[in-house]
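Here is how the chains run, residue by residue.
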Amino acid sequence: MPVVTDWALELDADQVLRGQGADPLTLRSRRPALVEIAERALLVGMPLLQPRVAYERLEARGLRHERLSVDGGVLHGALIAEHLGRAEQVVVLVCTVGDALEACVAREMDSDPVFGLALDGLGSAAVESLAGLACSRIEGQTAERGWHASLPLSPGMVGWPVLEGQAQIFSLLDPSLAGVRLTESGMMIPRKSLSFVLGLGAEVASGASACSACSVRSIGSGGGRSRASST
């Protein structure tokens, strides 16, 4: 199972603020101090990021009754059937930025919670950016074959419940080499992690770009759809 570590993440204060669920334009005009804190979070937090992507590329063997057979197992659900029914291959991925930043967030939340929240926003922005880079890299490889890539599908999206989706992904992929494990509740540890699948093939329907509209952007880190519960 490949684990890729050569990722160059480039983030700015606006992304950190969006990672906190805030509107950068509003804060820049009304609360510029929070923008300064976001910039400080970048200085402190960027060196702590440990971006890693574990993935498997699997042959698709056919869809029946919302169950897509792939090498080594099955992906199933309404969302899978809708987007991956024509896939020739499926790529299963888990992205993480590691646990060093998470430990720093925990320390700062005790002494400086505003700064701790900014660091947490950095983690959310970083793992979303990492997922986008992973999608783009796979898209580039796929285009060389004349294939298309589907939108990234993550557990917690409508039609693919978190517990079911996470169990399916982790049955096909062992991301422990990337330092990621799954709890019984379907939460990934470290929390700033994302799991998703991409369908590849000549007849796969894609958006303009699998990560220009990146659906993983709206998926909470750690294994749920709700940002409030996981990021």
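Residues numbered from 1 in each chain as written. Predicted model: local features only at pLDDT ≥ 70, side-chain atom pairs only at ≥ 80, totals over all residues. Heavy atoms only, no water.

Asker: Looking at this structure, I do not really get the nonpolar core. What am I missing?
Answerer: Residues Leu-93 and Cys-95 are the most contacted members of the largest nonpolar core, which totals 39 residues. Looking at this core element by element, the count peaks at eleven residues for helix 6 (residues 113-143). For Leu-93, the residues in contact, after removing those within four places along its chain, are Val-53, Ala-54, Tyr-55, Ala-134, Ile-138, Leu-173, Leu-194, Ser-195, Phe-196 and Leu-198. In terms of nonpolar packing, the next biggest core, distinct from the first, is built from 23 residues, Ala-87, Leu-153, Val-180 and Val-197 among them. (Core = buried A, V, L, I, M, F, W, Y, C linked by side-chain atoms within 4.5 Å. Buried < 20%, exposed > 50% of the residue type's maximum accessible area, 1.4 Å probe, protein only. Helix = DSSP H or I, 4+ residues; strand = E, 2+ residues; numbered from the N terminus. Contact = heavy atoms within 4.5 Å.)

Asker: Please clarify how the packing of helix 5 (residues 100-111) against helix 6 should be interpreted in this entry.
Answerer: Helix-helix packing: each pair is described by the crossing angle between the helix axes and the interaxial distance. Close contact between helix 5 and helix 6 brings their axes to 7 Å; oriented N to C, the two are set at 160°. Between helix 5 and helix 6, the interaxial angle falls into the category roughly antiparallel. Relative to helix 6, the crossing made by helix 5 is left-handed. Residue-level contacts link Leu-101, Cys-104, Val-105, Glu-108, Met-109 and Ser-111 of helix 5 to Pro-113, Phe-115, Gly-116, Leu-117, Leu-119, Asp-120, Leu-122 and Gly-123 of helix 6. (Axes fitted to C-alpha atoms, helices over the stretch in contact; angles between N-to-C directions. Parallel < 35°, antiparallel > 145°, perpendicular 65-115°, else oblique. Left-handed = near helix turned anticlockwise from the far one by under 90°.)

Asker: I keep staring at the confidence of the model for the protein chain and nothing clicks. Help me out?
Answerer: In low-pLDDT regions, the fine details of the predicted coordinates are not to be read closely. When pLDDT is averaged along the protein chain, the result is 89; 89% of the residues meet or exceed 70. This stretch, residues 208-215, has a pLDDT under 50; its non-local contacts, to residues over four places away or in other chains, come to 20 contacts. (pLDDT = per-residue confidence, 0-100.)

Asker: Would you take a moment to explain the pattern of salt bridges for this structure?
Answerer: In a structure, side chains of opposite charge can pair up when their charged atoms sit close to one another. The final tally for this structure, using the stated rule, is seven salt bridges. Between Arg-137 and Asp-6 there is a salt bridge; the shortest N-O distance is 3.2 Å. Taken together, the residues span a long stretch of sequence, with Arg-137 in helix 6 and Asp-6 in the loop between strand 1 (3-4) and helix 1 (13-19) at a distance of 131 residues. The exposure class assigned to Arg-137 is partly exposed, which follows from its relative accessible area of 33%. Note on Asp-6: relative accessible area 51%, which makes it exposed. With a shortest N-O distance of 2.9 Å, Asp-14 and Arg-28 are connected by a salt bridge. (Salt bridge = Lys/Arg side-chain N within 4 Å of Asp/Glu carboxyl O.)

Asker: How should I be thinking about the environment of Met-1 in this particular structure?
Answerer: The residue Met-1 is located in the segment before strand 1 in this model. Residue class for Met-1 comes out partly exposed when judged on its relative accessible area of 33%. With 172 residues separating them along the chain, Met-1 and Leu-173 place their C-alpha atoms 7.7 Å apart. The contact partners of Met-1, leaving out residues within four places of it in the chain, are Ala-54, Tyr-55, Glu-56, Leu-173, Asp-174, Pro-175 and Leu-177.

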